[in-house]
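Chain and residue survey
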Amino acid sequence: MLLISCPWCGEREETEFHYGGQAFVSYPADPESLTDEEWAQYVFFRDNPKGDFAERWVHSAGCRRWFNTVRNTVTSEFLS
Amino acid sequence: MTVEDLRRSPLASYPGVTEIPFLTMVNVRVPPTGDAAARISARLGGPLPVVPNSVVEAGRRHILWLGPDEWLVVGPDGDRELPGMLPEAVDVSANRTTIEVRSRDLLEHGCTLDLHPRAFHAGRCAQTTIARTQVILWQTSDEPVYRLLVRGSFATYLADWLSDAACS
Amino acid sequence: MRLAQGGEIDRTRPLTFTLDGVEYTGFDGDTLASAMLANGIVQVAPSLYRQRPRGIFSAGVEEPNALVQVGAEPSLQATTVRLRAGLVARTLSGVGRLTPEPEQHRYDKRFTHTDILVIGAGPSGRMAARTAAAGGARVILVGAGLPELSDPSGNVESRGPLGGIGDELAATQLRVLTGATAFGYYDSNYVLVAHKQTLWHIRARRVILATGAHEQPIVFENNDRPGIMLAGAVRKYITQYAVLPGRNAVVCTTNDSAYATVAALVQAGARVTVVDSRPIPPDLAPKGVEVISGLVTNTEGRHRITAAAVTTGSTQDRRIECDLLAVSGGWQPAVHLFSQSRGSVRWNGQAFVPDASAQANRVVGAANGTFDTRAALIEAAEAAVEAAAAVGYPVAMPPLPAVQEREITPDNPVWLVPGDPANQFVDLQRDATVADVRRAVGAGMRSPEHVKRYTTIGTGADQGRTSNIPALGVIAEALGTTPGELGTTTFRAPSVPVSFALMAGRDRGKLHDPIRTTPIHSWHVTNGAEFENVGQWKRPWFYPKPGEDMETAVLRECRAARTGVGMQDASTLGKIEVVGPDAGEFLNRMYTNAFKKLAVGSARYGMMCKADGMVFDDGVTMRLADDRYYVTTTTGGAANVLDWFEEWSQTEWPELAVTFTSVTEQWSTIAVVGPRSRAVIGLVAPDLDVSNEAFPFMTFRETTLHNGIPARIARISFSGELAYEVNVSGWYGLAAWEAIHEEGRPYGITPYGTETMHVLRAEKGFPIVGQDTDGTVTPHDLGMSWIVSQRKDFVGKRSLRRPDTARPDRKHLVGLLPVDPGQLLPEGAQMVALDAPTTPPVPMEGHVTSSYRSAALERTFALALIRNGRNRIGETLRAPLGDRVIEAIVTEPVFYDKEGARRDG
Ligand SMILES: [Zn+2]
């Protein structure tokens, strides 16, 4: 059970958070202009690296804020 | 008979749990700095706290930090002015009820927060979970006295849980 | 045999217990195992597979043989069961059986935080805890035995003056958990501790592991007979419990530690012969004890060992009669918890010792392979000083007790003595032998993980504490390598058996999962409702009258709503206030249809998709003001929709000025449904003009009920009938419900539950998200293309053009009318074509999502997702149901009032 640091509330139990997947995947400015493949990349495909990974979390049972962080997917250590 | 006599709080007929029913509550969501925040602070007579999970007293009301752009203003039962006072606010008076608990030990059966006086004390609040329900935990005194603000639909569950935990 | 004096048992408190139906007596302070030995019982149940006689082997959590059932609890180790009055135990052969009886004891959880957690209360652990606490840091000391600290009353914890720890710490933040076991070490220094009936969840900033070491056996032929025990265990039985396990002992050792056992045995009056694997054994035995350089190779005896065969390097082989064989094959640090914490271990030639920490922890003393007492104490004190400084409560290095140093003769480790491998036991609990290990290696297994899975070595309740190292030794020998090269297997939690009841704590029965109720719940209970679980909510399912079954009650409720008036508690609907100048723009981006131009005072049904274009939630939204909307969601979707709004608002469109507040419990919602609903609402809300002209469909009005309750009443229908939704503050939910029920009495107002609501909406073909959809269904699949805006973008829109999503032959929501109008299709039934083969593979055409008996239609009907369904109207499909087949005709999904003539009354 990880202790995760919310930028606002400080360290809280993992159970108070939800995982939001890879960070910095923005909603396309004009979805209609994308090819099917480009759109599918946005909807269905995310990186899955072994090691440091920029990802999103939300303090869902607390202040409900989303935040970006870098986590090592091997050790689960939060680096930022 | 007034219409208030028709009110019924979630734990009205629940023995053995201290409910503080019918507190007046509004949720305020505005940017923490700017005109709206300044106007609201002036109107409430106290600043919207910017320290996370802290509580500011403003006259007979308290302002609880819930998020960087979210506060809960709690007034007494019958605070008729509060619900319509702030144009941005949402009345949530009946959304939660309040249970008073006077034992840290009891809470530690189901609360993962560090409630040791070195880490948590009067004037602090936190949105967290107790057992399997979300609450706003608010310490009002160092005796200690805690208030648990719980959704009405979960109130009986939490009361059941507290009663059970108090037996152990 | 109980010794006349000594031990830490309380001889003034005899305890009677029953083992395998026979009554015995022990003392307070005994374990079940020590009490058994005191009564002369060494033999336990025979081994699991080979039915060989077995005996008590150890004195702790490493026990492989002495498994017992105590009351309803199976597979406990007799060596870890504290004796209590009236205890009833039964010996078990390897496996226990769960009782079907419910657990009667109360179990509990505690969550606590500490600066420093010390695990293990031997000399090192106590030194670490005492040192760390002196500076004022919060310290928890967890220890199984704690002989110096234990409170005679068996108290859960003691914070006051502690014998052996010192009065000067009485005022510190030290907390001692006696008789506790740390069994799980997780991320971020999260440690689970079993302490009697409480499961402690401890979060520590620093952890000091002083978990000690486990003595290892030596594998020789017939090494499993009753009377063969670990040497350290023999010593513990003598010194702690004043029990002498045998009078005529052979002590077989590879190291110095067993000589303490020799001394204890001699002092207790036993006859002792020492067999030492080292060519020149040290001069540590008391005078008169024969010490042989050699090894035990075999044993004799059936229900108890009677003799040991000894091979010696220089002289002739010997046969020594004995009733006790104490074995020490060296010590393996207890690295289970350290390994669970992802710390790495390395092989030091004799054992696996901690190498690098992966978390904020340190290992000290025997657990770190430091067996010299003084060195261990220094290590513990240093770790405590470092930890105390790290958490901000620094302390100085304490004075260290003078410990007599002596010369140590190096160990001569031996894993395996030559003999018949079929009777050389590597894992006593799993009954696995050297022959089994060699067979596994012969079958091509190379890694210890594979060998263990093949042989099941190390998978018993003892977690391989006495089999891991011997198994690695045998594997290494077979492969011509060393245990260090092989590496050890991964240690996983729990490191000792933990009961399910302890894991569950008080989350049982009604506390297992929260039960959510509405303010009107007590009325439903009083009026005999049967309840249905919808998510965590308890919702009235139907209200049977005396003598009614569900079918009759639901038909009656449906008839009332279609011909008179019914009422339903709809308070469970999720409700969100969306506030801000950009609220309309935000909702436009979320919903497939438009909300920005919705008039204040009006309501609109909306549907939401995920980015993949699949339906996610639906509900009616009212516009309260220019900058304020009141959104309702499905009962189950409330939290998800709020999270979904927050996610898009915070992470994608922070520039939109809009905020969200959940008001699900702020409002109680009562649906009043049926042709007579207008009359009832007219009575309840006398200030309201309820005419269709003044209060049209999909609008709402703020008003006051006749009893003074402020209300927001909307004309919304989920049944096709004239219907209203009365929203009042949750405080007034019950009073409003009772008022409506009272005013409706002359019209025969009928409370109805979720089942009737489902039937009514299905008759109109309204889908329920989550029942008629499953995350693979688009609005077009539901036949609701009318709700998909072509003019604006919304989340998921682009996906609706993807080739797969745009296929014309996707599964469509259609109706099904069973050919026999009395037959009810089961929900979930698979539909196949009429001419489909009867043996697999049978092409599936889709499945039934909703199915009911209809009072209005006077027949059964169903909704189904059917491949290319809209283009197959009129086709007959079959539902093969094992013993029977139901045929049904595909229809449009609207069965009742297709023209929509009823909604205005
Ligand atoms: Zn937070």
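A quick note: this is a predicted structure, and the numbers were derived from the prediction, not measured.

Attention now moves to the overall build of chain C. When its secondary structure is counted, chain C shows 19 helices and 47 strands. A globule of 905 residues ought to have a C-alpha radius of gyration of about 29 Å, yet chain C, at 37 Å, is considerably larger. Across its three principal directions, the C-alpha atoms of chain C cover 115 × 70 × 55 Å. Across the 905 residues that make up chain C, the buried fraction comes to 58%. For chain C, the accessible surface area stands at approximately 34800 Å², while carbon and sulfur atoms represent 51% of it. Once the 91 positive and 98 negative side-chain charges of chain C are each reduced to a mean point, those two points are 1 Å apart.

Residue and element names in this part refer to chain B. Here strand β10 (residues 145-151) lies mainly inside the structure; 7 of its 7 residues are buried. Note that strand β7 (residues 96-101) and β10 share 6 bridges and pair antiparallel. For Thr-98, the partnering residue across the bridge sits in β10 and is Leu-149. Linking strand β9 (residues 133-141) to β10, which pair antiparallel, is a turn of 3 residues.

At the interface, 41 residues of chain B touch 46 residues of chain C. Roughly 4000 Å² of surface becomes buried between chain B and chain C when both sides are summed, with 47% attributable to carbon and sulfur atoms. At the junction of chain B with chain C, the criterion picks out 10 salt bridges. The residue B:Asp105 makes a salt bridge to C:Arg110 at a minimum N-O spacing of 2.8 Å. Put simply, chain B and chain C have 31 residue pairs in polar contact (both at pLDDT 80 or more) between them. At the level of elements, β2 (24-29), β6 (90-91) and α4 (155-167) of chain B are the ones that each hand at least two residues to the side of chain B that touches chain C. Ranked by residues supplied to the side of chain B that touches chain C, first place goes to α4(B) with 7 residues. Broken down by class, the residue content of the side of chain B that touches chain C amounts to 16 nonpolar, 11 polar and 14 charged.

Let's shift gears to the coordination of the zinc ion. Residues and elements named next belong to chain A. All of the protein donors around the zinc ion are Cys-6 (SG), Cys-9 (SG), His-59 (ND1) and Cys-63 (SG); their distances to the metal are 2.0 to 2.4 Å. Viewed at the metal, the 4 donor atoms of the zinc ion are separated by angles of 104 to 117 degrees, and the geometry they form is tetrahedral. The class of Cys-6 is buried, set by a relative accessible area of 2%. Judged by relative accessible area, Cys-9 falls into the buried class, the value being 15%.

What follows covers the packing of helix α7 (residues 434-442) of chain C against helix α9 (residues 468-479) of chain C. Residues and elements named next belong to chain C. Two numbers describe how α7 lies on α9: the axes approach to 10 Å, and their chain directions differ by 45 degrees. It follows that α7 is oblique to α9 by the angle criterion. With respect to the hand of their crossing, α7 and α9 are arranged in right-handed fashion. Here Val-434, Val-437, Arg-438 and Val-441 of α7 lie close against α9, whose contacting residues are Ala-471, Val-474, Ile-475, Glu-477, Ala-478 and Leu-479. Looking at the contact of α7 with α9 residue by residue, the class counts come to 8 nonpolar, no polar and 2 charged.

By the assigned domains, chain C splits into domain 1 (10-97 + 217-328), domain 2 (104-216 + 330-405 + 489-512), domain 3 (414-481), domain 4 (527-571 + 667-752), domain 5 (574-662) and domain 6 (797-891). Placing the centre of domain 2 of chain C and that of domain 6 of chain C at their C-alpha centroids yields a distance of 62 Å.

Attention shifts here to the sheet that holds strand β45 (residues 859-867) of chain C. All names here are of chain C. Strand order in the closed barrel formed by 6 strands is β42-β45-β44-β43-β46-β47, with antiparallel pairing between adjacent strands. Across the sheet, the axes of successive neighbouring strands diverge by a mean angle of 40 degrees, strand direction being ignored. Examined bridge by bridge, strand β46 (residues 876-880) and strand β47 (residues 885-891) share 5 bridges and lie antiparallel to one another. When the sheet's bridge partners are listed, Pro-880 is paired in β47 with Val-885. Across the face of the sheet, helix α18 (residues 754-763) comes into contact with β44 (844-854) and β45 while running at roughly 115 degrees to β44.

Moving on to the packing of aromatic side chains. If you walk through the whole model with that rule in mind, you get 30 aromatic pairs over all chains. With 5.9 Å between their ring centres and 50 degrees between their planes, C:Trp347 and C:Trp415 make a pair best called tilted. Here C:Trp347, found in strand β24 (residues 345-347), pairs with C:Trp415, found in the loop between α6 (373-390) and β27 (425-427); they are 68 residues apart in sequence, far enough to count as distant. According to the relative accessible area criterion, C:Trp347 is buried, its value standing at 18%. One Lys or Arg, B:Arg7, reaches over the ring of C:Trp731 and ends 5.3 Å from the middle of that ring. Stacked on the ring of B:Trp138, the Lys or Arg B:Arg147 has its end atom at 5.0 Å from the ring centre.

If you look at the interface, chain A gives 23 residues, while chain C gives 27 residues. When chain A packs against chain C, the two sides together hide about 2300 Å² of surface, and 46% of this comes from carbon and sulfur. Our enumeration of links across chain A and chain C arrives at 5 salt bridges. Close ionic contact of C:Glu647 with A:Arg56 constitutes a salt bridge, the shortest N to O distance being 2.6 Å. One can count 18 residue pairs in polar contact (both at pLDDT 80 or more) joining chain A with chain C. Sorting elements by how many residues they give to the side of chain A that touches chain C places helix α1 (residues 36-44) of chain A first, with 5 residues.

Note the cis peptide between B:Glu143 and B:Pro144, where omega equals 15 degrees. Its place among the elements puts B:Pro144 in the loop between β9 and β10. In this structure, C:Pro494 follows C:Ala493 across a cis peptide bond, with omega equal to -5 degrees. Mapped onto the elements of the fold, C:Pro494 is located in the loop between α10 (483-486) and α11 (500-504).

This brings us to the nonpolar core. Residues and elements named next belong to chain C. Core analysis: the largest hydrophobic core is formed by 73 residues, its most contacted members being Leu-32, Ile-56, Tyr-237, Leu-265, Val-296 and Leu-325. Non-local contacts of Leu-32, meaning those with residues more than four positions away in its chain, are made with Phe-17, Val-68, Ala-78, Val-81, Leu-83, Leu-87 and Ala-89. Counting 31 residues, the second largest nonpolar core, distinct from the first, contains Val-673, Val-777, Ala-855 and Phe-895.

Attention now moves to the packing of helix α16 (residues 677-684) of chain C against helix α17 (residues 733-744) of chain C. Residue and element names in this part refer to chain C. Two elements in contact, α16 and α17, have axes separated by 9 Å at closest approach and are oriented at 120 degrees. Between α16 and α17, the crossing angle belongs to the class labelled oblique. Remark: the crossing between α16 and α17 carries right-handed chirality. Residues Val-680, Leu-683 and Val-684 of α16 lie in contact with α17, whose contacting residues are Ala-739, Ile-740, Glu-743 and Gly-744. Among the residues making up the contact of α16 with α17, the classes are represented as 5 nonpolar, 1 polar and 1 charged.

In this section: the environment of C:Leu479. All names here are of chain C. Tracing the backbone shows Leu-479 in helix α9. The partly exposed category is assigned to Leu-479, whose relative accessible area is 27%. Between the alpha carbons of Leu-479 and Pro-840 there is a distance of 49 Å; along the sequence they are 361 residues apart. Here Leu-479 is in contact with Val-441, Arg-446 and Leu-486, once residues within four sequence places are set aside.

For the structure shown, the criterion picks out 73 salt bridges over all chains. Across the salt bridge formed by C:Glu551 and C:Arg853, the nearest N and O atoms sit 3.3 Å from each other. Of this pair, C:Glu551 sits in helix α13 (residues 550-563) while C:Arg853 sits in strand β44; the two residues are 302 residues apart in sequence, bridging distant segments of the chain. Among the charged side chains, a network of salt bridges with common partners joins A:Arg64, A:Arg65, B:Arg29, B:Asp69, B:Glu70 and C:Glu646.

All names here are of chain B. Of all 6 residues that make up β2, 6 are buried, and the element is covered over most of its length. The side-chain alternation of β2 yields two buried faces, one formed by Thr-24, Val-26 and Val-28 and the other by Met-25, Asn-27 and Arg-29. For β2 and strand β5 (residues 70-75), the ladder comprises 6 bridges, and the chain directions are antiparallel. Within β5, the position partnered with Val-28 by the bridge is Trp-71. Pairing analysis gives 2 bridges linking β2 to β6, with the strands arranged antiparallel.

Next up on the list: the environment of A:Gly21. All names here are of chain A. With respect to the helices and strands, the residue Gly-21 is situated in strand β3 (residues 18-22). With 36 residues separating them in the primary sequence, Gly-21 and Trp-57 have C-alpha atoms 7.6 Å apart. The residues touching Gly-21, leaving out its near neighbours within four places in the chain, are Glu-55 and Arg-56.

Procedures and definitions
- Residues numbered from 1 in each chain as written.
- Chains lettered and ligands numbered in written order.
- Predicted model: local features only at pLDDT ≥ 70, side-chain atom pairs only at ≥ 80, totals over all residues.
- Heavy atoms only, no water.
- Helix = DSSP H or I, 4+ residues; strand = E, 2+ residues; numbered from the N terminus.
- Rg over C-alpha atoms; globule rule 2.2 N^0.38 Å.
- Buried < 20%, exposed > 50% of the residue type's maximum accessible area, 1.4 Å probe, protein only.
- Areas by Shrake-Rupley, 256 points an atom, 1.4 Å probe, with all protein chains shown as cover.
- Lys, Arg positive; Asp, Glu negative; His and termini not counted.
- Charge placed at Lys NZ, Arg CZ, Asp CG, Glu CD.
- Pairing = 2+ DSSP bridges.
- Contact = heavy atoms within 4.5 Å.
- Buried area = accessible area lost by both parts, 1.4 Å probe.
- Salt bridge = Lys/Arg side-chain N within 4 Å of Asp/Glu carboxyl O.
- Polar contact = N/O pair within 3.5 Å; in protein donor to acceptor, adjacent residues only side chain to side chain.
- Nonpolar A, V, L, I, M, F, W, Y, C, P; charged D, E, K, R; others polar.
- Donors = N, O, S within 2.8 Å, 3.2 Å for Na, K, Ca; no water.
- Tetrahedral: all angles 85-135°; square planar, octahedral: opposite > 155°, others 65-115°.
- Axes fitted to C-alpha atoms, helices over the stretch in contact; angles between N-to-C directions.
- Parallel < 35°, antiparallel > 145°, perpendicular 65-115°, else oblique.
- Left-handed = near helix turned anticlockwise from the far one by under 90°.
- Domains from an automatic or database assignment.
- Phe/Tyr/Trp six-rings, centres within 6.5 Å; stacked < 30°, edge-to-face > 60°.
- Lys NZ or Arg CZ within 6 Å of the ring centre and 35° of its normal.
- Core = buried A, V, L, I, M, F, W, Y, C linked by side-chain atoms within 4.5 Å.

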